[in-house]
Amino acid sequence: MKKYNNGEFRLKDIDQEYTIYGWVNKRRNIGKLIFVDLRDRSGLIQVVFNKEYLQTPFEEAESLRNEYCLKVTGKLVKRSDINPNIPTGEVELIASNLEILSEAEVLPFNIYEETEASEALTLKYRYLDLRRERLQANIMMRAKIAKAVRNYLTENGFIEIETPILCKSTPEGARDYIVPSRISKGSFYALPQSPQIFKQLLMVGGFEKYFQIAKCFRDEDLRADRQPEFTQIDLEMSFVEQEDIINTVENMLKSVVKDIKGITLSDFPRITWKEAMEKYGSDKPDTRFAMELNDITDILKDTTITFINEALKIGCLAKCLVVKNEANNFSRNDIDKLTDFIKTYQAKSLIWFKYLDNNFNGGIAKTLEPDKLTKLKESLQLNNNDLVLIIIDKPNILYNSLGALRLKLGNDLNLIPQDKLNFLWVVDFPMFEYSETDKRYKAMHHPFTMPKNLEDITKPEICLSNAYDIVLNGYELGGGSVRIHNPKTQKQVFDALGLTEEDIKNKFGFFIEAFKYGAPPHAGLAIGLERFTMLMSGTDNIKDVIAFPKTQSASDLMSEAPNIVSLDQLQELGLKIDIKKEVK
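Let us look at the structure shown here.

Scoring rules and cut-offs
- The numbers attached to residues start from 1 for each chain and follow its sequence in the written order.
- Where totals are concerned, whole chains, interfaces and linings use all residues; where local detail is concerned, this predicted model gives features only for residues with pLDDT of at least 70, and gives and counts side-chain atom pairs only at 80 or more.
- Hydrogen atoms and water are omitted, and side-chain values are computed over all heavy atoms in the structure.
- Think of it this way: any DSSP run of H or I at least four residues long counts as a helix, any run of E at least two long counts as a strand, and we number them from the N terminus.
- Each residue gets one of three labels from its accessible area relative to the maximum for its type: buried under 20%, exposed over 50%, partly exposed in between, using a 1.4 Å probe on protein chains only.
- Residue contacts are counted whenever heavy atoms from the two residues lie within 4.5 Å of one another.
- Calculation of accessible area relied on Shrake-Rupley with a 1.4 Å probe; when residues are assessed, cover is drawn exclusively from the protein chains displayed.
- When charges are counted, neither His nor the chain ends are considered; positive counts come from Lys and Arg and negative counts from Asp and Glu.
- Where a charge lies is defined by one atom per residue type, namely NZ (Lys), CZ (Arg), CG (Asp) and CD (Glu).
- Only buried residues count toward a nonpolar core. Its members are Ala, Val, Leu, Ile, Met, Phe, Trp, Tyr and Cys residues joined through side-chain atoms within 4.5 Å.
- Using only the protein atoms, space was sampled on a 1 Å grid; points where a 1.4 Å probe fits but cannot get out form cavities, open sets with protein on both sides within 12 Å along at least five of seven lines form pockets, and lining residues are those with an atom within 4 Å of a point.
- Grid points are joined across faces, edges and corners, and a volume is the space filled by probe spheres set on the points.
- The nonpolar class holds Ala, Val, Leu, Ile, Met, Phe, Trp, Tyr, Cys and Pro. Asp, Glu, Lys and Arg form the charged class, and all remaining residues, Gly among them, are polar.
- Inter-axis angles, ranging from 0 to 180 degrees, are taken between N-to-C directions of lines fitted to C-alpha atoms, where helices are fitted over the stretch in contact.
- Crossing handedness is read from the near helix: turned anticlockwise from the far helix by less than a right angle, it gives a left-handed crossing, and turned clockwise, a right-handed one.
- Between rings of Phe, Tyr and Trp, where Trp is taken as its six-membered ring, a pair exists when centres lie within 6.5 Å; planes separated by under 30 degrees are stacked, by over 60 edge-to-face, and by other angles tilted.
- Should DSSP find at least two bridges between two strands, the strands are taken to pair.
- Here, patches come from residues exposed beyond 30% relative accessible area and free of salt bridges, joined within 9 Å for like charges and within 5 Å for nonpolar side chains (Val, Leu, Ile, Met, Phe, Trp, Tyr).
- When a carboxyl oxygen of Asp or Glu is within 4 Å of a side-chain nitrogen of Lys or Arg, the pair counts as a salt bridge.
- Here a polar contact means two N or O atoms within 3.5 Å. Within protein one must be a hydrogen donor candidate and the other an acceptor candidate, and residues neighboring in sequence count only if both atoms are side-chain atoms.

**What about the overall build of the protein chain?**
For step 1, the next point in the chain: Secondary structure assignment for the protein chain yields 16 helices and 22 strands.
For step 2, the next point in the chain: Dimensions along the principal axes, computed over C-alpha positions, put the protein chain at roughly 95 × 75 × 65 Å.
For step 3, the next point in the chain: A buried classification covers 47% of the 584 residues belonging to the protein chain.
For step 4, the next point in the chain: Long-range pairs, those at least 24 residues apart, make up 68% of the contacts in the protein chain between residues at least 6 apart in sequence.
For step 5, the next point in the chain: Total accessible area on the protein chain stands at roughly 30,400 Å², and carbon and sulfur atoms take up 49% of it.
For step 6, the next point in the chain: Looking at charge distribution, the protein chain has the averaged site of its 78 positive side-chain charges lying 1 Å from that of its 86 negative ones.

Structure, rendered in structure tokens:
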């Protein structure tokens, strides 16, 4: 029997009999007539139960409650009272037969409106939460994006290949999720953080163009745009350079946005990592609004204000944001709150002043030399009612704190247009970054990234990489790089990372071995499918685009995972749990 979509009936379909299915979204009983809005994933249609036409006992129609699951047969007719608020508002189904497929108890929360139900409650009953129109639209958009990506890449010569889920632990990035082996007791698999090694080996294997909608796992602290398991659009190409990957991915994204949103995008701008940090304080800048960082280090040099002078002498930078035409809207209490905010990013203090009625007011204006204030006015092109917010600190802290402050102000002052999709390429990333925790340099992307200049490998503080990120509206949508395909170069990078011969053999031995047999030049990129869907659907929470997400503590409240396994299972795996109890 054909399944009709409830939300697709129109006037052209009237005067015919149909059998439809769905859930009771709403019911109205006016005695001899019962009206039900019957919902399926396509939408809803009004069904009329009339004693005169209903062959099923009318008592069954009277028993209906919200979320009962029904099968209804009847004739589609034109409505006398048109409802302009729904696509099916000109038609209704006059029921002749009713079958209650299943009943429903009173729901634990209201699914018909955006209610104040707690996240814990909605995640526990996620299957009910998924009945909401908004969540269904998001999940279906995710499917459409995946289909559009698959179609584009397949049509452009890419081969879809699945790579292993059970693989070897190579914990150079985030923590691995590990899986114990029953057969090789004491040994463990790891769930892949990405298909990185395998997709490079596919290039060695001669497939030339690979892609995969790949499941990945990372045991890391969660936030609104991260989950412990996620999906990425993963691709790799042989005999290419950076420009080839950027063009391929940009054209793919343009095609997907056109398919999904009907929007024709212009070419994506590009900036270097250094420029992104200096202009926006972030390597994933939101370019939907113009507020940029201004370097005022030279202007403030040799000031008589001791703490500023001393900070600049030891290599700190001075940068500021100009909040245009908002000075009168910021009280001293408001600025104190901004100070507390930037301190969460380890910045020491927020320096400020206002330019009002051709005068410098408040904050540092009382103590900074007049000639320096004049230079600031000219350099920053200050106008009446402008607020200047300054941070002086070490570069990393300054960029993190001032970049975060820029985003906060953009959101708080409604400076960010929500209907824009601003894509941006960020290129020329540092090859290495220093870890204060481990007291050594680590790969900023991963250790298989090709340096821009091979001679700089021994100078990790200045070495740049052939790495590139695609950014959308202030989120890192994806990243990639030209890969190292020469064993000698790969060994140099491992040496720069402080890996011993034993480390290299244990973690990457089979991988390095493969590169001895004619590895082609290759490059690739991966895009977060959920993050892309999140931004395309206009939500700021990645849980809204995942059918069954985890909480911030990586728990599934619905299935109650993770859970305790039996002693028999542990013994079979050769494992013993040692949980030390706190002594009170």
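Still more to cover.
**Quick word on the nonpolar core**
For step 1, the next point in the chain: By size, the foremost hydrophobic cluster in this structure holds 62 residues, and its most contacted members are M252, L253, F423, I527 and F532.
For step 2, the next point in the chain: Apart from residues lying up to four places away in sequence, I527 is in contact with T231, Q232, I233, V249, M252, L253, I470, L477, G478 and F532.
For step 3, the next point in the chain: Membership of the second largest hydrophobic core comes to 25 residues, among which are V323, I342, L387 and I397.

**Re empty space enclosed by the protein**
For step 1, the next point in the chain: Here the structure, examined in full by the defined rule, presents 1 cavity of 30 Å³ or more.
For step 2, the next point in the chain: Of the volumes computed, that of the largest cavity is approximately 40 Å³.
For step 3, the next point in the chain: Lining the largest cavity we find T163, P164, I165, P192, S194, P195, Q212, A214 and K215.
For step 4, the next point in the chain: Among the residues forming the lining of the largest cavity, the class breakdown is 5 nonpolar, 3 polar and 1 charged.

**Side note on the environment of E436**
For step 1, the next point in the chain: Residue position: E436 is located in the loop between β18 (432-435) and β19 (440-443).
For step 2, the next point in the chain: Note: C-alpha distance between E436 and N97 (339 residues apart in sequence) is 72 Å.

**Here's the deal with the layout of surface pockets**
For step 1, the next point in the chain: Space inside the second largest pocket adds up to approximately 600 Å³.
For step 2, the next point in the chain: Around the second largest pocket, the lining is made up of 17 residues, and of these Y177, I178, L191, P562 and N563 lie nearest the centre.
For step 3, the next point in the chain: The greatest single-element share of the lining of the second largest pocket, amounting to 3 residues, is contributed by strand β7 (residues 178-180).
For step 4, the next point in the chain: Of the residues contributing to the lining of the second largest pocket, the split by class is 13 nonpolar, 2 polar and 2 charged.

**Brief notes about the packing of helix α13 (residues 487-496) against helix α14 (residues 501-514)**
For step 1, the next point in the chain: Across the interface, α13 lies against α14 with an axial gap of 12 Å and an inter-helix angle of 145 degrees. Seen along the crossing, α13 lies across α14 with a hand that is right-handed. Residue-level contacts link Q490, K491 and F494 of α13 to E501, I504, F508 and I512 of α14.
For step 2, the next point in the chain: Among the residues making up the contact of α13 with α14, the classes are represented as 4 nonpolar, 1 polar and 2 charged.

**Some remarks on the packing of aromatic side chains**
For step 1, the next point in the chain: Scanning the model with the defined rule gives 15 aromatic pairs in all.
For step 2, the next point in the chain: Centroid distance Y4 to Y18: 4.9 Å. Interplanar angle 85 degrees. Geometry classified as edge-to-face. Taken together, the residues Y4 in the segment before β1 (17-29) and Y18 in strand β1 connect sequence positions 14 residues apart.
For step 3, the next point in the chain: A residue is classified by how much of its surface remains accessible, and Y4, at 24% relative accessible area, is partly exposed.

**Some thoughts on the sheet that holds strand β12 (residues 294-295)**
For step 1, the next point in the chain: On the basis of which strands lie adjacent, the open sheet formed by 5 strands has the order β12-β13-β16-β14-β15 and antiparallel pairing. The sheet terminates laterally at β12 and β15 (359-361), the two strands that pair on one side only.
For step 2, the next point in the chain: Its contacts with the sheet place helix α9 (residues 306-313) against β13 (317-323), β14 (351-356) and β16 (386-393), and it is angled at close to 50 degrees to β16.

**Structural notes on a negative patch on the surface**
For step 1, the next point in the chain: Together, E59, E60, E62 and E99 make up a negatively charged patch on the protein surface.
For step 2, the next point in the chain: For the negative patch, the element with the most residues is helix α1 (residues 58-62), which contributes 3 residues.
For step 3, the next point in the chain: For E60, a relative accessible area of 31% gives the class partly exposed.

**Observations regarding the side chain of E67**
For step 1, the next point in the chain: Residue position: E67 is located in the loop between α1 and β4 (69-78).
For step 2, the next point in the chain: Side-chain polar atoms of E67 contact the side chain of Y112, separated by 2.6 Å.
For step 3, the next point in the chain: Within the local environment of E67, its side chain forms a polar contact with the side chain of R131, the two groups lying 2.7 Å apart.
For step 4, the next point in the chain: Those residues in contact with E67, other than ones at most four positions away along the chain, are W23, V24, N25, R39, A104, L107, I111, Y112 and R131.

**What about the side chain of T533?**
For step 1, the next point in the chain: Mapped onto the elements, T533 comes out in helix α15 (residues 529-537).
For step 2, the next point in the chain: With residues up to four places along the chain from it excluded, the contact list for T533 reads N138, M141, R142, I145 and V545.

**Focus: the sheet that holds β4**
For step 1, the next point in the chain: Taken together, the 5 strands give a closed barrel; going around it, the order is β1-β2-β3-β5-β4, and neighbouring strands pair in mixed fashion. Each strand axis lies, on average, 55 degrees off the axis of its neighbour in the sheet, ignoring direction.
For step 2, the next point in the chain: Here strand β3 (residues 43-50) pairs with strand β5 (residues 91-102) via 3 bridges, running parallel. Along β5, the bridge assignment pairs Q46 with E92.

**Considering helix α5 (residues 196-204)**
For step 1, the next point in the chain: Listed as buried for α5 are Q196, I197, K199, Q200, L202 and M203.
For step 2, the next point in the chain: Contacts made by the buried residues of α5 are with β9 (209-217), β10 (229-238), α14 and β22 (522-528).

**A word on the pairing of β9**
For step 1, the next point in the chain: Sheet analysis places strand β6 (residues 159-160) next to β9, joined by 2 bridges and oriented parallel. The residue bridging I159 from the neighbouring strand is Y210, located in β9.
For step 2, the next point in the chain: In terms of strand pairing, β9 meets β10 through 9 bridges, oriented antiparallel. If you follow F211 over to β10, its bridge partner there is L235.

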